[in-house]
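Descriptive structure summary
What follows is the residue order along each chain.
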Amino acid sequence: MKKEFYTCKNDRAFKEVFLNPNNSDLLKALLEFILKIKIDKLEIKKTELLSGNVNIKDKRVDAIVHTGNKKIEIEINSQNKDYLHTRSTAYICNIYQSNASVGDTYNEDTDIIQVNLTWGLGRNNDEMKIYKIMNEKGELYVKNFIIYEINMDYYDKIWYSKNEEEIKKNQYMIMLDLDKKELENMPKDKIVDKYITNVTIVNDNPEFQKYMSEEEDKKKIQNSLLSEAKEEGISQGISQGYTSGINDGISKEKVSIAKNMLNKNISIEDISDITGLSIEEIENIKNNMKK
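Rules used in this analysis
Residues numbered from 1 in each chain as written. Predicted model: local features only at pLDDT ≥ 70, side-chain atom pairs only at ≥ 80, totals over all residues. Heavy atoms only, no water. Axes fitted to C-alpha atoms, helices over the stretch in contact; angles between N-to-C directions. Helix = DSSP H or I, 4+ residues; strand = E, 2+ residues; numbered from the N terminus. Parallel < 35°, antiparallel > 145°, perpendicular 65-115°, else oblique. Left-handed = near helix turned anticlockwise from the far one by under 90°. Contact = heavy atoms within 4.5 Å. Nonpolar A, V, L, I, M, F, W, Y, C, P; charged D, E, K, R; others polar. pLDDT = per-residue confidence, 0-100. Core = buried A, V, L, I, M, F, W, Y, C linked by side-chain atoms within 4.5 Å. Buried < 20%, exposed > 50% of the residue type's maximum accessible area, 1.4 Å probe, protein only. Pairing = 2+ DSSP bridges.

As a packed pair, helix H2 (residues 24–35) and helix H8 (residues 190–204) sit with axes 10 Å apart at the nearest point and diverge in direction by 125°. Accordingly, the angle class assigned to the pair H2 and H8 is oblique. Read as a crossing pair, H2 and H8 show a hand that is left-handed. Side by side, H2 and H8 meet where Asp25, Leu26 and Ala29 of the first sit next to Ile191, Lys194 and Tyr195 of the second. Grouping the constituent residues of the contact of H2 with H8 by class yields 4 nonpolar, no polar and 2 charged.

Here is the structure:
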């Protein structure tokens, strides 16, 4: 069976490549391109310890990149989901709060930045959107809270345009979602060469392949359970002869599935994605389970 090649559109692959301490030059080049700044030195502060073993399950490995007066969090979103902005805001607000509570005074000396690399926004939409907290007159509430939403489909469009000049100019973004064969046709420099070497090493790691295949299998099982629950709920509703029965049946099965997933320590965001329940609804289910 042909082995899957996981690009850095995948969150785990991205972190295995770019959060590797030996690859700080790759992360530096990527952030310099996105933020349009010069980075002399960066330091990766891990919010959870890297296990050193990619086959450890359900382990979220996040990091905050420190450079100068900036703290930068990076999120990989392989799909554009309704809950993404809510989840991303929760993450960045937590970092902002943690930074604000350090020291004896509140200040805005450190920029708290989130970079969202998001697929599914559409190739014809803007390359990037920058969000800040401000009023209707454009007056900033705080100056050091910034969210970058990068439209990764925009860079896919450049790749398929075959415009060599544009591809060369945007190569550090384009390379993130190219498969092994496509990477061979990329214009090369030392950053691209090193990226290709490292993403290939990661994909050749049998433990990484095992982890990814099991993650995908878990999602398929969860999706199958949800599909069965929907069918059962619809059948119950039809047998009762009214529309509310359909909704009631689906809702009860979703709650049941959500409870099972919570018991298995699956993240609330993933449960929301799979069941269609809102994060608030899942939080309520979780709180009721504790009573």
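Now for the confidence of the model for the protein. Put simply, the protein has an average pLDDT of 83, and 80% of its residues get 70 or more. For residues 48–61, every residue scores under 50 in pLDDT, and the model assigns this stretch 32 contacts once sequence neighbours within four places are set aside. Contacts of residues 241–246 to residues separated by more than four positions or lying in other chains number 8 contacts, the stretch itself having pLDDT below 50.

Counting 53 residues, the largest nonpolar core has Phe18, Val115, Leu117, Met175 and Tyr195 as the members making the most contacts within it. Beyond its immediate sequence surroundings of up to four residues, Phe18 is in contact with Cys8, Asn23, Leu26, Leu27, Leu30, Ile44, Met175, Leu176 and Tyr195. Listed in part, the 14 residues of the second largest apolar core include Tyr83, Met261, Leu262 and Ile282.

So, about the pairing of strand E3 (residues 70–77). Among the 8 residues that make up E3, 7 are buried, leaving the element largely enclosed by the rest of the structure. For strand E2 (residues 63–67) and E3, the ladder comprises 4 bridges, and the chain directions are antiparallel. Residue Thr67 lies in a different strand from E3, and its bridge partner there is Lys70. In this antiparallel pair of consecutive strands, E2 and E3, the connection spans 2 residues, and Gly68 shows a positive phi of 60°. Pairing geometry for E3 and strand E4 (residues 111–118), over 8 bridges, is parallel. Each residue of the ladder has a partner; that of Lys71, found in E4, is Ile112.

On to unusual backbone geometry, then. With a phi close to 55°, Lys36 is a non-glycine residue in the positive phi region. Position of Lys36 relative to the elements: it lies in the loop between H2 and strand E1 (43–46). One non-glycine residue, Lys162, lies in positive phi territory at about 60°. Along the polypeptide, Lys162 turns up in the loop between helix H4 (152–161) and helix H5 (164–169).

Right, let's get into the environment of Tyr154. Mapped onto the secondary structure, Tyr154 falls in helix H4. On the accessibility criterion, Tyr154 (25% relative accessible area) is partly exposed. The sequence separation of Tyr154 and Met128 amounts to 26 residues, and the corresponding C-alpha distance is 8.9 Å. Leaving out residues up to four positions away in the same chain, Tyr154 has contacts with Arg123, Asn125 and Glu127.

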